[in-house]
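These are the residues of each chain, in order.
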Amino acid sequence: MTIHLVNRAISDEELEGRFAPVFKKIAAGAVERERNRTLPLEEIKLLKETGFGALRVPVELGGLGASLRQTFDLLIALAAADSNLPQALRAHFNLVEDLRLNMNEAVRSRWLRAIADGALIGVAVTELGVGAVDRYRTAVTSGGADLRLNGTKYYTTGTLYADHLIVAADQNGKRVSVLVDTKQPGVSVQDDWDGFGQRLTASGTAEFRNVEIPEDRILGPGYGTEGRVFGTAHVQLILLATLAGIARRAAADTADWIRQRTRTFTHATADLPRNDPLVQQVIGRLSAAAFGARATVLAAVDELARTLDGRHQDPQQLDSSELAAAQAQVVAIKLVLDATTELFEVGGASLSSEKLAIDRHWRNARTIASHNPAIFKLRSIGAHELNDEALPYAWSAGVRRAERDGN
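What this report covers is the structure whose coordinates are included nearby.

Basis of the calculations
Residues numbered from 1 in each chain as written. Predicted model: local features only at pLDDT ≥ 70, side-chain atom pairs only at ≥ 80, totals over all residues. Heavy atoms only, no water. Helix = DSSP H or I, 4+ residues; strand = E, 2+ residues; numbered from the N terminus. Contact = heavy atoms within 4.5 Å. Core = buried A, V, L, I, M, F, W, Y, C linked by side-chain atoms within 4.5 Å. Buried < 20%, exposed > 50% of the residue type's maximum accessible area, 1.4 Å probe, protein only. Phe/Tyr/Trp six-rings, centres within 6.5 Å; stacked < 30°, edge-to-face > 60°. Arc of directions from axis to C-beta.

**Focus on the environment of Ala270**
Note on placement: Ala270 falls in the loop between α8 (231-260) and α9 (277-308). Linking Ala270 and Ala295, residues 25 residues apart in sequence, is a C-alpha distance of 33 Å. Among all residues touching Ala270, those that are not within four sequence positions of it are Thr264, Asn275 and Asp276.

**What to know about the nonpolar core**
Formed by 66 residues in total, the largest nonpolar core has its most connected members in Phe23, Leu47, Phe52, Leu55 and Phe72. Counting 17 residues, the second largest nonpolar core, distinct from the first, contains Leu147, Val176, Val211 and Ile218.

**Some words on the packing of aromatic side chains**
Tallied over the entire structure, the rule returns 6 aromatic pairs. With centroids separated by 5.9 Å and ring planes inclined at 80°, the aromatic side chains of Phe23 and Phe52 adopt a geometry described as edge-to-face. Placement of the pair is Phe23 in helix α1 (residues 12-28) and Phe52 in the loop between α3 (41-49) and α4 (68-81), with a sequence separation of 29 residues. Each member of the pair, Phe23 as well as Phe52, carries the same accessibility label: buried. Ring geometry for Tyr155 versus Trp193: centroids 6.0 Å apart, planes at 85°, classification edge-to-face. With a gap of 38 residues between them, Tyr155 in strand β3 (residues 146-156) and Trp193 in the loop between β6 (187-189) and β7 (204-213) connect regions that are remote in the sequence. Assessed through its relative accessible area of 47%, Tyr155 is described here as partly exposed. Three or more aromatic residues link up through ring pairs in this structure, and these residues are Phe19, Phe23, Phe52 and Phe93.

**Re α3**
Of the residues making up α3, those classed as buried are Glu43, Ile44, Leu46 and Leu47. The arc enclosing the buried residues of α3, seen along the axis, measures out at 160°, which places them on a common side. Across from the buried face of α3, at angles greater than 90 degrees, the exposed residues are Glu42 and Glu49. Buried positions along α3 lie against α1, α2 (30-36), α4 and α5 (84-88). Trailing α3 by a residue or two, Gly51 shows a phi angle of about 85°, which is positive.

Printed below as a string of C-alpha cells:
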C-alpha cells in the first residue's frame, strides 16, 4: 500500500524570513561568478545548511513541509539570485516527489531523512549517439555476486554539487533508475559543459567504471519508460521557474542601471533616460514579462499540485498537468526571450559591457529555452487538442533506428 505524506502548513512569511537573506547573499556574488566561471560551491553549501533541499520533505521526516506552490515560488526567487542553482537542483526536487509518492515505506523514509539532513541529488540520463531512443548503453550487469554499473553520461546537471546521482541505465533490457554515491570508486564527474549560457550548472560528463551497485540502490523504472508520469511536467516546470527568475532579475538589473544613467542620445525624448517615455516603455514591458512568466508557471504548478495530491495515477489528471506544463513552456519562453532581448534597447552598446554581465540574462534564458524544444511541444499540443493524440511525456534524444540502419 502506498502511503501519501501530507505536509503540515508552513507560512509564506516563515519561508521568506528563512530564505530571503540567503538569496540576497547568493545574488551578491552572481556577476563575479559568471565572469570568472566560479562554481557556486559555497552557495550550494548555504542552501543545504538552510534546508532548501528539504522544502518538500514532510516535517515528520525532518523537512520544512512546504507546498508545491511555495516551493516553486522560492525556486523563481532563487533563479532571480542565480539562475544556475534551481536548474542544478532540478533532479533533486524531482526525486523528492518520487520518494513522497512512489517508493516503498523503508526507501521513502531512509532517503527523505537523508535529504532533510542535507543530502543533494544530481542526475545522469543523457547519452550521445543512440542515447535512450533505443536502449541506454550505460548498463547494470551482474559481476559474480555483485551488480556493476558501467557507462558514460552527458549533460549531467548538478552532478558536481550532489552527494548522490540518479543514473538512468539498462538492466537486462529494462530501463532502471540507479542511485549512486558521487564519491564511490569508479565515479568520475567533469565540469566540461561548453554551452554559452547556464555555465555554472555543472552539466558536464559523468563516467561510471565498474561501480558496485547494491540491490537496494535500484529504485525502479528509469527515465523514458513508456506511460504517463508526473515527473516530466515537474522537471519542465523547474526550467520554467528558472526562466521566470531570469526575467525578474533582468527587469531589476535593467531598471537599476537606467536609474543611475545620465548619458543619452541627441534624438532622445528626455534629458535623462529614466524620464524618457520610450525607455519607460521597455522597463514596463520587462516588468510585465516577469509578472506574466511567474503567473504562468504558478498556474501550471497548481495543476501539477492537483496531480500530486493523491491523483498521480489518474490518467486524465496526468494529462492535465502535462498539457499545462507544455502550454506554460510556450508562453513563458516567448515572454522571457523577448524581454531579455529588448532590454538592450534602453542603453545602446553600453549594455554589452562584460563588466555588467547583463548579457547573461539572454544567454541563460536562451539556453534554458532550448531544453525540450518548444516547436515539438507546440505540435504535440495541437495534435492533442485536434485529434486527442497522446502527449509524449518523457522525451529522449538520440539517433533514431531509420537513420542508424541507413533507411
